[in-house]
Amino acid sequence: MSDAVRHAREGDFSQGVDFGILEWQQIRLTPSLRGWARWQMAAGAVKALAMISAPAGLLLPLGGDDFGSRMSGEGFHGDGLGTGVHLTFWFAAIGQAWVLLDWWRRGRERSGAAVACAVLALLSAMVAPWWFALGMSAHAAQGILAPIIATGLLAVAVLVAHLGASRPTVPDRREIELAQRVQALPEVEQQAMREERETILTILQERDLIDVARAEEARATSLGEWWRLDERSATTPS
């Protein structure tokens, strides 16, 4: 049983059926897209870590008990702290640059998560020079300014870009690009997705989660575009 079929059979749809998630579960196990989907998930995880790297870096000088595991540490100081700051804040700068690049590529749409992480990165960059100087010499403290300043400046750029964006220039760009990938699959893989769709829709009907009309609408929707069903549900008056 595939993840999509299992989710249709066992998932909690108390807030309504999320067709986009069901189809993504199909897509990520489709042979021609499996490697690409794994790369997308891995890249997303790395990007998320980079976006929170700056505030996490402020924890470097801290020590203490490790959650009752009878291990303790004194935190980073001196050269070790300098190395840690360079690693975490250059990583944070890369994260902010990544967010800015995605903002440009994906239609200049505003993201609340990007704004929140940029605010945290900017505040961290403002606090960091004073905070880290407590654990290193004046010369060493000057040596860590480059990644901190780069992170702060890029965070400001992200904030200006996202807060100044009124709406995406191309709505649903990411979803449209994914749909194009799916619709370019070999016919045998498209047919396999259609057959699995039928199984999913049958299960959803058996669970009284969708009616016949909704099932027919889902069948008529092109492969890779089930997310449009979620959009229609959100805009349909209850």
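Note that this is a predicted model, so its numbers are computed, not measured.

(A) Local environment of the overall build of the chain. The number of helices and strands found in the chain is 12 helices and two strands. Residues counted as buried form 36% of the 238 residues belonging to the chain. Taking the intrachain contacts of the chain between residues at least 6 apart in sequence as the baseline, contacts between residues at least 24 apart amount to 74%. Here the chain displays about 13600 Å² of accessible surface, and carbon together with sulfur accounts for 60% of that area.

(B) Representation of unusual backbone geometry in the model. Of note, D208 is a non-glycine position whose phi angle comes to about 60°, a positive value. With respect to the helices, strands and loops of the structure, D208 is situated in the loop between α10 (187-206) and α11 (212-220). You can call D208 exposed: its relative accessible area is 68%.

(C) Up close: the layout of surface pockets. Of the pockets and cavities examined, the largest pocket occupies roughly 1000 Å³. Lining the largest pocket are 35 residues, and of these Q40, K47, D102, R106 and R174 sit closest to its centre. Those elements that place two or more of their residues in the lining of the largest pocket are α2 (19-27), α3 (31-51), α5 (78-105), α6 (112-133) and α9 (173-183). In terms of residue count, α3 provides more of the lining of the largest pocket than any other element does, nine residues in total. Classifying every residue of the lining of the largest pocket by side-chain character gives 17 nonpolar, six polar and 12 charged.

(D) Structural context of a nonpolar patch on the surface. Taken together, the side chains of V119, L123, M126, V127, W130 and L134 present a nonpolar region at the surface, about 620 Å² in accessible area. Take M126: it is sitting in helix α6.

(E) Geometry of the side chain of T88. Here T88 is to be found in helix α5. Here T88 falls in the buried class, since its relative accessible area comes to 18%. A polar atom in the side chain of T88 sits 3.3 Å from the backbone oxygen of V85. Ignoring anything within four residues of it in the chain, the contact list for T88 reads S53, G57 and L60.

(F) Examining the pattern of salt bridges more closely. Summed over all chains, the structure comprises 10 salt bridges. Where salt bridges share partners, they join D3, R6 and R28 into one cluster.

(G) Quick look at the packing of α2 against α10. Packing of α2 against α10 leaves a shortest axis separation of 11 Å and a crossing angle of 140°. As the angle between them shows, α2 and α10 are arranged oblique. Of the two possible hands of crossing, α2 and α10 adopt the one that is right-handed. Residues F19, L22, E23, Q26 and I27 of α2 form the contact with α10, whose participating residues are M193, E196, R197, I200, L201 and L204. Residue classes in the contact of α2 with α10 are distributed as seven nonpolar, one polar and three charged.

(H) Layout of helix α1 (residues 3-10). All buried positions along α1 are accounted for by A4, V5 and A8. The arc enclosing the buried residues of α1, seen along the axis, measures out at 100°, which places them on a common side. For α1, the secondary structure elements touched by its buried residues are α2 and α10.

(I) Local environment of the packing of aromatic side chains. Under the defined criterion, the tally for this structure stands at five aromatic pairs. Plain terms: the ring middles of F89 and F132 are 6.0 Å apart, the flat faces sit at 90° to each other, and that makes the pair edge-to-face. With F89 in helix α5 and F132 in helix α6, the pair connects residues that are 43 residues apart, well separated along the chain. Residue class for F132 comes out buried when judged on its relative accessible area of 0%. Ring centres of W103 and W104 lie 6.3 Å apart, and the angle between their planes is 50°; this geometry places the pair in the tilted category. For W104, a relative accessible area of 53% corresponds to the exposed category.

Criteria and thresholds
- Residues numbered from 1 in each chain as written.
- Predicted model: local features only at pLDDT ≥ 70, side-chain atom pairs only at ≥ 80, totals over all residues.
- Heavy atoms only, no water.
- Helix = DSSP H or I, 4+ residues; strand = E, 2+ residues; numbered from the N terminus.
- Buried < 20%, exposed > 50% of the residue type's maximum accessible area, 1.4 Å probe, protein only.
- Contact = heavy atoms within 4.5 Å.
- Areas by Shrake-Rupley, 256 points an atom, 1.4 Å probe, with all protein chains shown as cover.
- 1 Å grid on protein atoms, 1.4 Å probe; cavity = no way out; pocket = protein on both sides within 12 Å on 5 of 7 lines; lining within 4 Å.
- Points joined across faces, edges and corners; volume = space filled by probe spheres on them.
- Nonpolar A, V, L, I, M, F, W, Y, C, P; charged D, E, K, R; others polar.
- Patch = residues over 30% accessible without salt bridge, like charges linked within 9 Å, V, L, I, M, F, W, Y side chains within 5 Å.
- Salt bridge = Lys/Arg side-chain N within 4 Å of Asp/Glu carboxyl O.
- Polar contact = N/O pair within 3.5 Å; in protein donor to acceptor, adjacent residues only side chain to side chain.
- Axes fitted to C-alpha atoms, helices over the stretch in contact; angles between N-to-C directions.
- Parallel < 35°, antiparallel > 145°, perpendicular 65-115°, else oblique.
- Left-handed = near helix turned anticlockwise from the far one by under 90°.
- Arc of directions from axis to C-beta.
- Phe/Tyr/Trp six-rings, centres within 6.5 Å; stacked < 30°, edge-to-face > 60°.

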